[in-house]
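Spelled out, the chains give:
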Amino acid sequence: MSAPYLERAMTDSTPHSAAGSSTMSDKELISNIEQLKREKNAVIYAHFYQESAIQDIADYVGDSLGLAQRGAKEDADIIVLAGVFFMGETAKILSPEKKVLVPDLAAGCSLADNCEAGEFEAFVKQHPDHEVVTYVNCSAAVKALSDILCTSSNAVRVIESIPEDKPILFAPDQHLGRYLQKVSGRNMLLWEGACIVHETFDAKAIVKLKARHPNALVLAHPECPEPVLDLADHIGSTSSLIAFATEDSGQEYIVVTESGIIHQMQKNCPEKTFHAAPNNENCSCAECPFMRLNTLEKIYNCLLKETPTVEVPEDIRLRAVRPLERMLALG
Ligand code: 13P
Ligand code: SF4
């Protein structure tokens, strides 16, 4: 059986995207994107999992928390969100007066796609005494059903902000949830979602790679399964992994997350060595199929045509903004 999120990623996304039939070189595309940005008072935000060329043209490159914080105080009229759809929705929830564009509407997320709002609402209703803590990798409708949101940057802080006698329901990433249980000692009811990229990392293959590079430290995102996290020297959000690699005195790292992140690590530390972690014996090919739907050409076309836009119905937005602002208030 093929999961809906995979079908979405593998489907020809042309009807949903700003793709055209450009014959422009990357250099021409970049120059035209710069011109459109100036003419339209637009900015480009990119996540660390975007291809290198997109990260390099962005006005801001960040993790989910950074993108949300930046979006909340943005002055530009148009935000192009080169990431995945839930990141565009977060920007729209926080800045409804702005036009938020995404290069490809099919850029979803397995976590968001496997936590359908109706099913989630039923789950929440079964546990009315629980505080509902939701990872931002979810739809606006699921955000609207939550008490507070978190990202991988502030998840521990968010859990610690909840009174100890209050039971917690956590969704949609079971691996992040299990990691939070371990770190905080809290008992949490978990939604059984997972990231299709992080779930593929293989602990045995990482042990073998580590044997070949004994001085390399293992840096892992908390969306990885527990046996992989048990091997990590540092666990954190994408920005935390980059900061650790930049500030640490070591020289060599095994990076257990989407491989796009290595671009920033290598930029910050050209003298250090970064190994993309293996998904199995034969492949170190952890690329998010949703993140990688975005291209320079789609960014150019979405700025030119000002489509596809991200829209959030106002009733959902008003309910989703509260748990989002509660999270942002915690930093
Ligand atoms: P970060 O918030 O750490 O950037 O993670 C986003 C994400 O989608 C991880 O897969
Ligand atoms: Fe979602 Fe995983 Fe892709 Fe992040 S890497 S956007 S969690 S599918």
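A brief look at the structure comes next. (Residues numbered from 1 in each chain as written. Chains lettered and ligands numbered in written order. Predicted model: local features only at pLDDT ≥ 70, side-chain atom pairs only at ≥ 80, totals over all residues. Heavy atoms only, no water.)

## Let's talk about the pairing of strand β1 (residues 42-47)
To be explicit about the condition: Think of it in three bands: with a 1.4 Å probe and only protein chains considered, a residue is buried below 20% of the maximum accessible area for its type, exposed above 50%, and partly exposed in between. The helix count covers DSSP runs of H or I at least four residues long, the strand count covers runs of E at least two residues long, and both are numbered beginning at the N terminus. DSSP bridges decide pairing: two strands pair if at least two such bridges lie between them. We call a crossover right-handed when, viewed with both strands directed away from the observer, the connection leading from the first strand over the helix to the second proceeds clockwise.
Counting buried positions along β1 yields 6 of 6 residues, so the element is predominantly enclosed. Side chains A42, I44 and A46 project from β1 onto one buried face, and the interleaved V43, Y45 and H47 project onto a second face that is buried too. Of the strand pairs in this sheet, β1 and strand β3 (residues 78-82) are connected by 5 bridges, and their pairing is parallel. Paired with V43 across the bridge in β3 is I79. Of the strand pairs in this sheet, β1 and strand β2 (residues 60-62) are connected by 3 bridges, and their pairing is parallel. Residue Y45 lies in a different strand from β2, and its bridge partner there is Y60. In this fold, the crossover linking β1 to β2 by way of helix α3 (residues 52-57) has right-handed handedness.

## What to know about the sheet that holds strand β9 (residues 217-220)
Strand order in the open sheet formed by 4 strands is β10-β9-β11-β12, with parallel pairing between adjacent strands. In the strand order of this sheet, the two ends are held by β10 (234-235) and β12 (273-276), each with one partner. Where strand β11 (residues 252-256) and β12 come together, 4 bridges link them in parallel fashion. Note that in β12 the partner of Y253 across the bridge is F274.

## Some words on empty space enclosed by the protein
To keep things clear, this is the line we draw: Two kinds of site are reported from a 1 Å grid over the protein atoms alone, namely cavities, where a 1.4 Å probe fits but cannot get out, and pockets, open sets with protein on both sides within 12 Å along at least five of seven lines, and residues are called lining when an atom falls within 4 Å of a point. Grid points are joined across faces, edges and corners, and a volume is the space filled by probe spheres set on the points. As a working rule, the residues Ala, Val, Leu, Ile, Met, Phe, Trp, Tyr, Cys and Pro are called nonpolar, Asp, Glu, Lys and Arg charged, and the rest polar, with Gly in that last group.
What the rule picks out here adds up to 2 cavities of 30 Å³ or more. Of the voids in this model, the largest cavity is the one considered here, and its volume is about 240 Å³. Lining the largest cavity are 28 residues, and of these Y49, F86, N137, E223 and M291 lie nearest its centre. Here the residues of the lining of the largest cavity are counted per class, giving 14 nonpolar, 12 polar and 2 charged. For the second largest cavity, the calculated volume is near 50 Å³. Looking at side-chain class alone, the lining of the second largest cavity contains 5 nonpolar, 2 polar and no charged residues.

## Here's the deal with the pattern of salt bridges
Where charged atoms from two side chains of opposite charge come close, those side chains can pair. Convention followed: Criterion for a salt bridge: a side-chain nitrogen of Lys or Arg within 4 Å of a carboxyl oxygen of Asp or Glu.
Under the defined criterion, the tally for this structure stands at 14 salt bridges. Where K182 meets D230, a salt bridge forms, and the shortest distance between an N and an O atom there is 3.1 Å. Highlighted residues: K182 in helix α10 (residues 174-184) and D230 in the loop between α12 (226-229) and β10, separated in sequence by 48 residues. Residue K182 shares its accessibility class with D230, and that shared class is exposed. For R317, the salt bridge identified is with E314, shortest N-O distance 2.9 Å. Taken as a pair, R317 and E314 lie in helix α16 (residues 314-330) at a separation of 3 residues, close to a single helical turn. Accessibility expressed as a relative area gives 11% for R317, which makes it buried. Looking at E314, the relative accessible area reads 43%, which means it is partly exposed. Counted as one network, the salt bridges with shared partners bring together E34, K37 and D59.

## Thoughts on the site of ligand 1
To keep things clear, this is the line we draw: We define proximity as follows: a residue is near a molecule or strand when any one of its heavy atoms falls within 4 Å of that partner. N or O atoms closer than or at 3.5 Å make up a polar contact, with two conditions inside protein: a donor-capable atom paired with an acceptor-capable one, and, for residues adjacent in sequence, both atoms drawn from side chains. Throughout, the Shrake-Rupley method with a 1.4 Å probe supplies accessible areas, and for residues the shown protein chains are the sole cover considered. Assignment of a molecule to a cavity or pocket requires that more than half of its atoms lie within 2 Å of the corresponding grid points.
Near ligand 1 the following residues occur: H47, Y49, D63, S64, N137, S152, H198, H221, E223, S237 and T238. At 2.8 Å, a side-chain N or O of S64 approaches an oxygen atom of ligand 1. The contact in question runs from an oxygen atom of ligand 1 to an N or O atom on the side chain of S152, over 2.8 Å. Look at ligand 1: alone it shows 300 Å² of surface, and the protein chains cover 96% of it. Of all the cavities here, the one that holds ligand 1 is the largest cavity.

## Here we look at the packing of helix α4 (residues 64-72) against helix α5 (residues 85-94)
Filter applied, for reference: Convention adopted: a line fitted to C-alpha atoms gives each axis, helices being fitted over their contacting stretch, and angles between N-to-C directions are expressed from 0 to 180 degrees. Roughly parallel covers angles under 35 degrees, roughly antiparallel covers those over 145, roughly perpendicular covers 65 to 115, and oblique covers all other angles. Left-handed describes a crossing in which the near helix is turned anticlockwise from the far one by less than a right angle; the clockwise case is right-handed. Here, residues are in contact when the closest pair of their heavy atoms is within 4.5 Å.
Across the interface, α4 lies against α5 with an axial gap of 8 Å and an inter-helix angle of 30°. The orientation of α4 with respect to α5, classified from their angle, is roughly parallel. In this structure, the crossing between α4 and α5 has a hand that is right-handed. Contacts between α4 and α5 involve S64, L67, A68 and A72 from the first element and F86, M87, T90 and L94 from the second. Grouping the amino acids of the contact of α4 with α5 by side-chain chemistry returns 6 nonpolar, 2 polar and no charged.

## As for the nonpolar core
So the rule is basically this: Among buried residues, the Ala, Val, Leu, Ile, Met, Phe, Trp, Tyr and Cys ones that are joined through side-chain atoms within 4.5 Å form a nonpolar core.
Judged by nonpolar contacts, the single largest core of 72 residues is most densely connected at V133, F170, L180, F201, I254, V256 and M327. Residue contacts for M327: discarding those within four places in its chain leaves L65, V136, I148, L149, C150, T151, N154 and V158. Listed in part, the 18 residues of the second largest apolar core include I44, V80, A82 and C302.

## Digging into the site of ligand 2
Taken together, the neighbourhood of ligand 2 is formed by Y49, V84, C109, S110, L111, N137, C195, V197, E223, C288, F290 and M291. Here the residues of the shell around ligand 2 sort into 9 nonpolar, 2 polar and 1 charged.

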